[in-house]
Amino acid sequence: MQIVSSAFALTGVKESMMISLALAVVAALPRQGPYIVPVADVVKPTVSDRQNFQVPDRVRLTGLLGTRIDASTRNRLEKIDIDRLLEGYRKRPGRQSWDGEHIGKWLHAATLAWVNSGDVSLRKKLDQAVVELEKCQLPDGYLGTYLDKDRWTDWDVWAHKYNLLGLLTYIRYTGNRQPLSTCRKMGDLLCQTFGDGPGQRDLMKAGHHAGMAPGSVLEPMVLLYRATGEARYLEFCQYILRAWEQPNGPHIISRLLDRKGVNQVGNGKAYEMLSCLNGVLELYRSTGDKRLLRASINAWEDVVKNRLYITGAASSYELFQDDFNLPNNGNVGETCVTVTWIQLNTQLLRLTGEARFAEQLESVSLNQLLGAQQPDGRAWGYYVQMEGRKPYSSTLDGHCCLSSGPRGIALLSTFAVSTDPDGVVINLFNPAVAHLKLRDGSPVDVEILTRFPADGRVQVRVNNPNRRTFAVKMRDPKWNASPESGQVWKGSPDGYRVIRKTWKSGEMVEMDLSLKTRIVKGDHANAGKAAVMYGPLVLAADEALISGAKLTGFGLSNGGKPRVVSPVAAPKSRKTWSGAEVYRLNKTKTLVPFADAGITGSRYKVWIPLEDVITQNVLAGGRESYSRAGNLAESISDDDPATVAVTFNGQRADEDWFQITMPKAVTAKRFTFWHGRSFHDGGWFDTRFGKPKIQIRRTADGPWETVGELADYPVTTDREARDPRLVNNSAGFTLKLVAPVRFFAVRVVGVPSSGDNPAQNFSSCGDLQAFAK
Ligand SMILES: [Zn+2]
């Protein structure tokens with residue numbers, strides 16, 4: 001397939017006569033009833049949802065998402081060791097300060113997964129886990145992992161938050177109300193302990209991140225209010241809003257209403273802030289206070305405009321950073337942030353019914369969420385960066401994200417297909433079978449027949465409609481830039497395409513979305529690079545699929561001509577689902593979906609230089625040495641800038657160098673230095689005394705001679721290296737000479753930095769390479 005120029009064709013209604021021979025994928029049968037009826041709230045919300053999300057047993061996803069959902073359920077949620085999750089409760093304190101969060105997060109994800117799969121053994125495990133967790137509650141209601149003397153100092157309000165969320169989810173879907181007394185006791189203890197009354201503690205002082213970590217207990221406290229009807233829980237929620245606006249609070253609502261960026265709310269910590277906003281929207285649902293919705297939408301708009309990665313990731317170093325400061329590697333894209341961002345979008349989609357939130361859900365789910373999940377579901381990445389390696393891990397120690405990832409996966413079947421006052425809403429194009437109920441209570445079964453994202457043809461078959469009149473809505477995705485030509489699908493103010501008619505059983509409608517390739521030019525720190533997209537999929541270069549395995553020099557170049565991308569069946573190593581594809585660029589280069597990039601441990605990158613760097617590093621095979629031995633001594637000539645050497649030894653030095661000595665003389669005209677890593681206490685070169693220099697030895701024992709400096713190295717001091725180019729320098733910093741030089745040894749020399757610890761200084765090197773031209 002070539003780049004398709006006539007990308008978007010809405011071909012209108014095809015009557016049920018249409019035979020879909022082309023569709024290789026047949027949707028699985030829906031889970032047969034009886035379907036679960038969630039336990040009703042004692043207090044109904046004040047604001048009713050525009051879109052009704054589904055109980056997960058009513059929507060069975062197959063294809064790409066179905067494969068990943070099954071993998072998460074079978075290989076992660078079912079395999080979890082409950083004794084490990086409860087260890088810190090049974091023998092307080094736990095192995096680390098926030099170990100208490102995992103059981104509640106598991107209960108939330110595993111309950112939704114059980115509802116979706118109907119898996120009997122998972123249900124048994126849930127029942128056992130709940131009984132065992134309840135046994136750990138202390139007589140006064142405390143259900144954290146801390147010793148009495150350390151209560152409410154760190155991450156134990158946080159653990160109560162997740163225990164409430166997990167147990168309330170379990171109660172809602174199993175119908176077993178027994179744990180509600182455990183939840184009430186937790187809620188009562190929080191209400192007694194914290195508040196602005198005499199003798200009460202300040203919630204903002206009971207945890208981290210300007211009070212956003214403990215303040216995020218808002219979400220389950222609203223749910224507890226609705227589940228019990230106890231007014232004091234709602235009053236506690238109002239107290240949390242007041243506490244946020246205290247002088248020591250994060251000022252979440254006021255700053256967002258003032259249109260401040262999310263980086264100026266609290267300390268900018270993304271996971272905790274988004275968790276608070278999910279509570280804010282839950283509270284809006286109960287109170288109808290429009291300011292809460294406005295503040296949340298302002299946050300969403302700010303993130304989308306200024307702080308979102310192309311894959312739907314947000315955060316670097318776990319914070320919302322300054323506008324467009326989106327480094328490609330380092331501690332980028334925490335998976336907890338990915339999942340809470342998904343939750344924020346689901347809340348906004350439910351409340352407003354606007355397709356723009358579904359658009360974000362598609363992007364983040366197909367790219368960043370699946371990109372963080374190991375395809376077999378066993379492991380998750382913590383920081384899943386735009387270039388580097390996937391840091392998959394399967395042990396919970398120190399790994400908040402490992403219990404967050406499955407929560408995101410478990411939510412997919414709640415929003416992929418939904419209903420609204422007009423009828424049926426298709427939010428994701430993934431193949432599915434859904435057993436829905438319209439607003440008037442009448443049942444409608446819907447099948448989505450497609451190989452998406454391997455193919456853009458999406459058919460929707462409506463079964464059992466009993467000749468009723470209602471709408472079927474499908475998202476009109478932004479990635480289809482061409483104007484729609486269909487006459488039958490009408491536009492609607494909420495951003496969906498609509499067919500409203502009286503349906504006959506088995507009737508089918510179709511949308512033909514051509515999956516046009518898009519080259520997205522990079523800006524800011526990614527200027528000179530581009531990302532390649534195929535429909536909603538972000539593609540990446542992966543060294544395991546590059547002949548010669550030279551990711552460093554990999555570019556998109558084709559002499560400035562249009563780039564042609566053709567999908568082909570994925571090789572065995574990337575066959576992560578039945579329709580898996582890789583993409584041939586200009587017939588010679590292979591790109592892979594971000595979700596499948598780096599899954600064999602290989603390096604990958606999303607932002608690809610426009611031009612190839614066609615070169616041979618003349619320093620390959622040289623001997624490496626540094627001015628001082630540090631505590632990281634990975635290779636600086638392995639064509640992998642992510643493996644670094646540092647000179648950190650706790651001492652100060654006036655100068656540092658990283659050197660490569662060749663067995664015989666070589667000739668080079670261009671030298672490239674890849675900065676390694678920056679730390680709080682140094683790692684970069686201090687340029688107040690000049691940019692880092694390149695020096696050579698023309699004879700084996702000759703004197704060092706400076707041939708030039710790395711002029712494109714950013715300006716720094718010994719204390720500060722805020723320039724994103726230092727963590728985003730996949731192109732390296734380069735010295736190009738007028739004429740080639742011949743030498744036996746070369747080194748980069750500079751003044752090391754000390755960051756926040758002036759007692760020492762050090763520098764870091766990723767790679768040093770030299771080229772003949
Ligand atoms: Zn995390």
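Residues numbered from 1 in each chain as written. Predicted model: local features only at pLDDT ≥ 70, side-chain atom pairs only at ≥ 80, totals over all residues. Heavy atoms only, no water.

So, unusual backbone geometry
Following Arg92, the chain continues into Pro93 via a peptide bond in cis, with omega recorded as -10 degrees. Along the chain, Pro93 falls in the loop between helix 2 (82-90) and helix 3 (101-117). Across the junction of Phe452 and Pro453, the peptide omega takes the value 5 degrees, indicating a cis bond. Residue placement: Pro453 occurs in the loop between strand 10 (443-449) and strand 11 (457-463). Of note, Trp152 is a non-glycine position whose phi angle comes to about 60 degrees, a positive value. Secondary-structure assignment places Trp152 in the loop between helix 4 (120-135) and helix 5 (156-174). Backbone geometry at Ser315 places phi at a positive 90 degrees, although glycine is not the residue there. By the element assignment, Ser315 lies in the loop between helix 12 (290-306) and helix 13 (335-352). Residue Ser315 is classed as buried on the basis of its relative accessible area of 3%. (Helix = DSSP H or I, 4+ residues; strand = E, 2+ residues; numbered from the N terminus. Buried < 20%, exposed > 50% of the residue type's maximum accessible area, 1.4 Å probe, protein only.)

Overview of the state of the cysteines
Cysteine pairs can be linked by a disulfide, which is a covalent bond between their two sulfur atoms. Using the criterion set out here, one finds 0 disulfides in the structure. You can see Cys136 has no disulfide; the closest cysteine sulfur is in Cys183, sitting 14 Å from it. Judged by its relative accessible area of 8%, Cys136 falls in the buried class. Not engaged in a disulfide, the cysteine Cys183 finds its nearest cysteine sulfur in Cys191; these two sulfurs lie 13 Å apart. (Disulfide = S-S within 2.5 Å.)

A short note on the coordination of the zinc ion
Four donors placed tetrahedrally about a metal ideally form angles of 109.5 degrees, and six donors placed octahedrally ideally form angles of 90 or 180 degrees. For the zinc ion, the full set of protein donor atoms is Glu334 (OE), Cys336 (SG), Cys400 (SG) and Cys401 (SG), at a range of 2.2 to 2.3 Å. With 4 donor atoms in place around the zinc ion and angles of 96 to 123 degrees between them, the coordination shape is tetrahedral. Each donor residue of the zinc ion lies on one chain, and together they are spaced E-x1-C-x63-C-C. Linking Glu334 in the loop between helix 12 and helix 13 with Cys400 in helix 15 (residues 400-415), this pair joins segments that are 66 residues apart in sequence. (Donors = N, O, S within 2.8 Å, 3.2 Å for Na, K, Ca; no water. Tetrahedral: all angles 85-135°; square planar, octahedral: opposite > 155°, others 65-115°.)

Observations regarding helix 5
For helix 5, with 19 residues, the first-to-last C-alpha span of 27 Å sits near the 27 Å given by 1.5 Å per residue. With 18 of 19 residues buried, helix 5 is to be regarded as a mostly interior element. Looking at the residues trailing helix 5, positive phi occurs at Gly175, about 80 degrees. (Expected span 1.5 Å × (residues − 1).)

Here's the deal with the nonpolar core
The biggest cluster of nonpolar side chains holds 198 residues, and the ones touching the most others in it are Trp106, Met221 and Trp244. If near-sequence neighbours (up to four positions away) are discounted, Trp244 is found in contact with Met204, Gly211, Gly215, Leu218, Gly249, Pro250, His251, Ile252, Ile253, Cys276 and Val280. Judged by nonpolar contacts, the second largest core, of 27 residues, contains Leu619, Met662, Phe673 and Val748. (Core = buried A, V, L, I, M, F, W, Y, C linked by side-chain atoms within 4.5 Å. Contact = heavy atoms within 4.5 Å.)

As for the packing of helix 1 (residues 63-77) against helix 15
The N-to-C vectors of helix 1 and helix 15 enclose an angle of 135 degrees; their axes lie 10 Å apart at closest approach. Here helix 1 is positioned oblique relative to helix 15, judged by the angle of their axes. The hand of the helix 1/helix 15 crossing is left-handed. Within the contact between the two elements, helix 1 uses Leu65, Arg68, Ile69, Ser72, Arg76 and Leu77 and helix 15 uses Leu402, Pro406, Ile409 and Leu412. Among the residues forming the contact of helix 1 with helix 15, the class breakdown is 7 nonpolar, 1 polar and 2 charged. (Axes fitted to C-alpha atoms, helices over the stretch in contact; angles between N-to-C directions. Parallel < 35°, antiparallel > 145°, perpendicular 65-115°, else oblique. Left-handed = near helix turned anticlockwise from the far one by under 90°. Nonpolar A, V, L, I, M, F, W, Y, C, P; charged D, E, K, R; others polar.)

What to know about the sheet that holds strand 8 (residues 423-426)
Taken together, 5 strands build an open sheet; the order of strands is 7-8-12-14-13 and the sheet is mixed. Edge strands, defined here as strands with exactly one partner in the open sheet, are strand 7 (417-420) and strand 13 (490-491). Lying on the sheet, helix 14 (residues 355-372) is in contact with strand 12 (469-475) and strand 14 (496-502); it crosses strand 12 at an angle near 50 degrees. (Pairing = 2+ DSSP bridges.)

With respect to the packing of aromatic side chains
Across all of its chains, the model carries 22 aromatic pairs by this definition. On the basis of an interplanar angle of 45 degrees and a centroid distance of 4.5 Å, the ring pair of Tyr382 and Tyr383 is categorised as tilted. This pair shows no difference in class: Tyr382 is buried, exactly as Tyr383 is. Here the aromatic rings of Phe452 and Trp479 are separated by 6.0 Å at their centres, their planes lie at 25 degrees, and the arrangement is stacked. One end of the pair, Phe452, is in the loop between strand 10 and strand 11; the other, Trp479, is in the loop between strand 12 and strand 13, and 27 residues separate them in sequence. The exposure classification of Phe452 matches that of Trp479, with both residues buried. Taken together, the ring pairs in this structure connect Trp155, Trp158, Tyr162 and Tyr271 into an aromatic cluster. (Phe/Tyr/Trp six-rings, centres within 6.5 Å; stacked < 30°, edge-to-face > 60°.)

Section: the pattern of salt bridges
All told, the structure shown has 52 salt bridges when counted by the stated rule. In this structure, Asp596 engages Arg68 in a salt bridge whose closest nitrogen and oxygen atoms are separated by 3.3 Å. One end of the pair, Asp596, is in the loop between strand 21 (589-593) and strand 22 (604-605); the other, Arg68, is in helix 1, with 528 residues separating them in the sequence. Side by side, Asp596 and Arg68 carry an identical accessibility label, which is buried. Residue Arg698 is joined to Glu705 by a salt bridge in which the shortest nitrogen-to-oxygen separation is 2.8 Å. One network of salt bridges, with partners in common, ties together Asp41, Asp49, Arg226, Glu282, Arg285 and Arg350. (Salt bridge = Lys/Arg side-chain N within 4 Å of Asp/Glu carboxyl O.)

Let's talk about the packing of helix 11 (residues 270-287) against helix 12
Relative to each other, helix 11 and helix 12 sit at 150 degrees, their axes nearing to 8 Å. What the angle tells us is that helix 11 and helix 12 run roughly antiparallel. Helix 12 is crossed by helix 11, and the crossing has left-handed handedness. Within the contact between the two elements, helix 11 uses Leu277, Val280, Leu281, Leu283, Tyr284 and Thr287 and helix 12 uses Lys290, Leu292, Leu293, Ser296 and Ala299.

Here's the deal with the confidence of the model for the protein
On average, residues of the protein score 91 in pLDDT, and 94% of them are at 70 or above. Of the regions scoring below 50 in pLDDT, residues 1-28 engages in 74 contacts with residues more than four places distant in sequence or in other chains. (pLDDT = per-residue confidence, 0-100.)

Observations regarding the pairing of strand 29 (residues 733-750)
Pairing geometry for strand 26 (residues 656-675) and strand 29, over 13 bridges, is antiparallel. What sits directly across from Asp656, in strand 29, is Gly750. Inspection of the sheet shows strand 27 (residues 693-697) paired to strand 29 by 5 bridges, in the antiparallel sense. Bridge pairing links Arg697 to Ala745 in strand 29.

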